[in-house]
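# Chains, contacts and geometry: an overview
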Amino acid sequence: MADRQDSGEESRSEEGLRVKISSAEFVISAAQLDGMPRTGMPEVAVIGRSNVGKSSLINALLRRKNLARTSSAPGKTQTINFFAVNNAFYLVDLPGLGYAKVPKKQRAIWKTLITGYIGTRDQLAVVVHLIDSRREPGELDLEVTRIAREAGCGYIVALTKFDKLKQGERLPARKRIARALASAGLEPPIVATSAVKSSGIQELWSWIETLA
Ligand code: GTP
Ligand code: MG
């Protein structure tokens, strides 16, 4: 069973989606690169540190509560999960990168899977890189950006758990993360999101459409 959102709030939204979700379904879970779909449909992958909110954001994007399994304990998503959207593209949920409490060997396996996926997947159209709005982008984050850049696909940063910041903390957090990315030579679009409040979802879809 998926845990509840850790603020205890129900997911809700007043936003209208410009991208209409007429169908969203789980298709396949791949533990290895050769277990991935062979349909050639374009893919939008959600990537980031363990527990950053990847699976929750996928549910918010698809307006489903538990389509992607979430948990307050890091290391929940252990395989690459493909969700077909409108029978037109896949939204792809990946395991998280680096979390001290996940055994080192397991972390290494996931990292190889993730970097292999981004580095070799021809149909990968957009990487949505999630960064916790309360944290500094770390070494792993900068590595993700480097791999995505080398893969030559669309790249966008989504700040997660924005609802956890007080009003006065929001702009400074955004600027701080933008500065850290800029100092690594990156100026990607940055969208502040909350899966709990369903905020930033429409803006994120717009960017995904633009970049895809
Ligand atoms: P792994 O699969 O373990 O790598 O984690 P993940 O990145 O998929 O994170 P997941 O979506 O499972 O969420 C981790 C925890 O953060 C859960 O307890 C979520 O309820 C919580 N969470 C995710 N997004 C938000 C958000 O926008 N706001 C708040 N307050 N909590 C969130
Ligand atoms: Mg997950």
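Reading the values: the criteria
- Residues numbered from 1 in each chain as written.
- Chains lettered and ligands numbered in written order.
- Predicted model: local features only at pLDDT ≥ 70, side-chain atom pairs only at ≥ 80, totals over all residues.
- Heavy atoms only, no water.
- Near = heavy atom within 4 Å.
- Polar contact = N/O pair within 3.5 Å; in protein donor to acceptor, adjacent residues only side chain to side chain.
- Areas by Shrake-Rupley, 256 points an atom, 1.4 Å probe, with all protein chains shown as cover.
- Nonpolar A, V, L, I, M, F, W, Y, C, P; charged D, E, K, R; others polar.
- Buried < 20%, exposed > 50% of the residue type's maximum accessible area, 1.4 Å probe, protein only.
- Helix = DSSP H or I, 4+ residues; strand = E, 2+ residues; numbered from the N terminus.
- Contact = heavy atoms within 4.5 Å.
- Expected span 1.5 Å × (residues − 1).
- Salt bridge = Lys/Arg side-chain N within 4 Å of Asp/Glu carboxyl O.
- Donors = N, O, S within 2.8 Å, 3.2 Å for Na, K, Ca; no water.
- Pairing = 2+ DSSP bridges.
- Phe/Tyr/Trp six-rings, centres within 6.5 Å; stacked < 30°, edge-to-face > 60°.
- Axes fitted to C-alpha atoms, helices over the stretch in contact; angles between N-to-C directions.

As a matter of local geometry, ligand 1 sits amid 25 residues, with K54, S56, G75, D163 and A195 nearest to it. Within the side chain of S56, an N or O atom sits 2.6 Å from an oxygen atom of ligand 1. Between T77 and ligand 1, the recorded distance is 2.8 Å, taken from a side-chain N or O atom to an oxygen atom. Contact with the protein chains hides 99% of the accessible area of ligand 1, taken as 660 Å² for the molecule alone. Of the residues that constitute the shell around ligand 1, the class distribution is four nonpolar, 13 polar and eight charged.

I201, Q202, L204, W205, S206 and I208 are the residues of helix α5 (residues 201-211) that are buried. Against β2 (43-48), α1 (54-62), β4 (89-93), β5 (124-132), β6 (154-160) and β7 (190-192) lie the buried residues of α5.

Moving on, we come to helix α2 (residues 104-120). Taking 1.5 Å of rise per residue, the 17 residues of α2 would be expected to cover 24 Å, and the 24 Å separating its terminal C-alpha atoms lies within 8% of that figure. Taken as a whole, α2 has its buried residues at W110, L113, I114, G116, Y117 and I118. Looking at the buried side of α2, the elements it contacts are β1 (24-30), β2, β3 (80-85), β4, β5 and α3 (139-151).

Close approach of charged atoms allows side chains of opposite charge to pair. Summed over the entire model, instances satisfying the criterion amount to five salt bridges. In this structure, E150 engages R146 in a salt bridge whose closest nitrogen and oxygen atoms are separated by 3.4 Å. In this pair, E150 and R146 are both assigned in helix α3, four residues apart and thus about one turn of the helix distant. With relative accessibility at 60%, the residue E150 sits in the exposed group. Among the residues examined, R146 registers a relative accessible area of 39% and is labelled partly exposed.

Let us now look at the coordination of the magnesium ion (ligand 2). Here the magnesium ion (ligand 2) is held by the protein donor atoms S55 (OG) and T77 (OG1), which lie 2.0 to 2.2 Å from it. Of this pair, S55 sits in helix α1 while T77 sits in the loop between α1 and β3, placing them 22 residues apart in sequence. Judged on exposure class, the residue S55 and its partner T77 are both buried.

Across the six residues of β3, six count as buried, placing the element largely inside the fold. Here β3 shows a buried face lined by I80, F82 and A84 and a second buried face lined by N81, F83 and V85. The pairing of β1 with β3 spans six bridges and is antiparallel. In the sheet register, E25 faces β3, and the bridge partner there is A84. Connecting β3 to the next strand, β4, in antiparallel fashion are three residues, including N86 with a positive phi near 55°.

All right, on to the packing of aromatic side chains then. Tallied over the entire structure, the rule returns four aromatic pairs. Relative to Y117, the ring of F82 has its centre 6.5 Å away and its plane inclined at 75°; by these criteria the two rings are edge-to-face. Residue F82 is found in strand β3, and its partner Y117 is found in helix α2; the two are separated by 35 residues along the sequence. When its relative accessible area of 0% is taken as the criterion, Y117 is described as buried. Among the aromatic residues, ring-to-ring pairing joins F82, Y90 and Y117 into one connected group.

In this section: the sheet that holds β6. The sheet built from seven strands is open, its strands ordered β1-β3-β4-β2-β5-β6-β7 with mixed pairing. This sheet does not close on itself; its edge strands, each paired only once, are β1 and β7. Averaged over all adjacent pairs, the angle separating strand axes in this sheet is 25°, with direction ignored. Across seven bridges, the pairing between β5 and β6 is parallel. What sits directly across from V128, in β6, is I156. Across the sheet, α1 is in contact with β1, β2, β3, β4, β5 and β6; its angle to β4 comes to roughly 150°. Contacts between helix α4 (residues 167-183) and the sheet are confined to β5, β6 and β7, with β7 contributing the most and set at about 155° to the helix.

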